There are 2 protein chains.
Amino acid sequence: MCEANAYWTRDDREELIMEAVDTIEPEGDDGWRLVGIFGDQKSIRGRIKGMHLVDHKILFEAHTA
Amino acid sequence: MCEANAYWTRDDREELIMEAVDTIEPEGDDGWRLVGIFGDQKSIRGRIKGMHLVDHKILFEAHTA
């Protein structure tokens, strides 16, 4: 299984948003809907900072004003 | 290895952009840099339509005017 974990990045630290994410889709103008391999869902606002698939990491950062 | 393939989506069809993508990072305001597992790179302009990691698919769509 090639799901990934989603993290917020803040001040060079990573904070887990959700584990075992399968699907990521845009939601509105500034958000994303994350769907896990078990169907669990989470909506977040922010932007993608980077995806590292071999490392199973999706990094998000908050919008800056 | 959990790399994915990147596709353009146009009219419900999928057109391969790049295989075996490891890293995806934002590039400028409207683009993305794709880096493959062998270090090959490609820059594209467009937006993410959806990611389906278990299916190894990253879908992009062109910006609409």
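So, how was this worked out
- Residues numbered from 1 in each chain as written.
- Chains lettered and ligands numbered in written order.
- Predicted model: local features only at pLDDT ≥ 70, side-chain atom pairs only at ≥ 80, totals over all residues.
- Heavy atoms only, no water.
- Buried < 20%, exposed > 50% of the residue type's maximum accessible area, 1.4 Å probe, protein only.
- Helix = DSSP H or I, 4+ residues; strand = E, 2+ residues; numbered from the N terminus.
- Pairing = 2+ DSSP bridges.
- Contact = heavy atoms within 4.5 Å.
- Buried area = accessible area lost by both parts, 1.4 Å probe.
- Salt bridge = Lys/Arg side-chain N within 4 Å of Asp/Glu carboxyl O.
- Polar contact = N/O pair within 3.5 Å; in protein donor to acceptor, adjacent residues only side chain to side chain.
- Nonpolar A, V, L, I, M, F, W, Y, C, P; charged D, E, K, R; others polar.

Engineer: Teacher, can you tell me more about the pairing of strand β1 (residues 4-10) of chain B here?
Structural biologist: Looking down a regular strand, the side chains alternate between one sheet face and the other. Residue and element names in this part refer to chain B. For β1, a buried count of five out of seven residues is recorded, marking the element as mostly surrounded by other parts of the structure. In the sheet, β1 pairs with strand β2 (residues 13-27) via six bridges, with the strands oriented antiparallel. Bridge pairing links alanine 6 to methionine 18 in β2. Here β1 hands over to β2 after two residues, with aspartate 11 in that stretch at a positive phi of 50°. Two strands pair when backbone bridges link them, and β1 and strand β6 (residues 57-61) are joined in this way by four bridges, in the parallel orientation. Looking at the pairing, alanine 6 lines up with isoleucine 58 of β6.

Engineer: Would you take a moment to explain the interface of chain B and chain A for this structure?
Structural biologist: Many authors give the size of an interface as the accessible area that is lost as the parts come together. Contacts between the two partners involve 22 residues from chain B and, on the opposite side, 22 residues from chain A. Interface area, chain B with chain A, both sides summed: about 1,800 Å², of which 67% is carbon and sulfur. When the buried area of chain B at its contact with chain A is split by residue, Cys2, Met51 and Leu53 of chain B rank highest and sum to 37% of it. Our count for the contact surface shared by chain B and chain A stands at zero salt bridges. Taken together, the links from chain B to chain A amount to eight residue pairs in polar contact (both at pLDDT 80 or more). The residue makeup of the side of chain B that touches chain A, split by class, is 13 nonpolar, four polar and five charged. Two strands pair when backbone bridges link them, and strand β2 (residues 13-27) of chain A and strand β5 (residues 47-52) of chain B are joined in this way by two bridges, in the antiparallel orientation. Bridge pairing links threonine 23 of chain A to histidine 52 of chain B in β5 of chain B.

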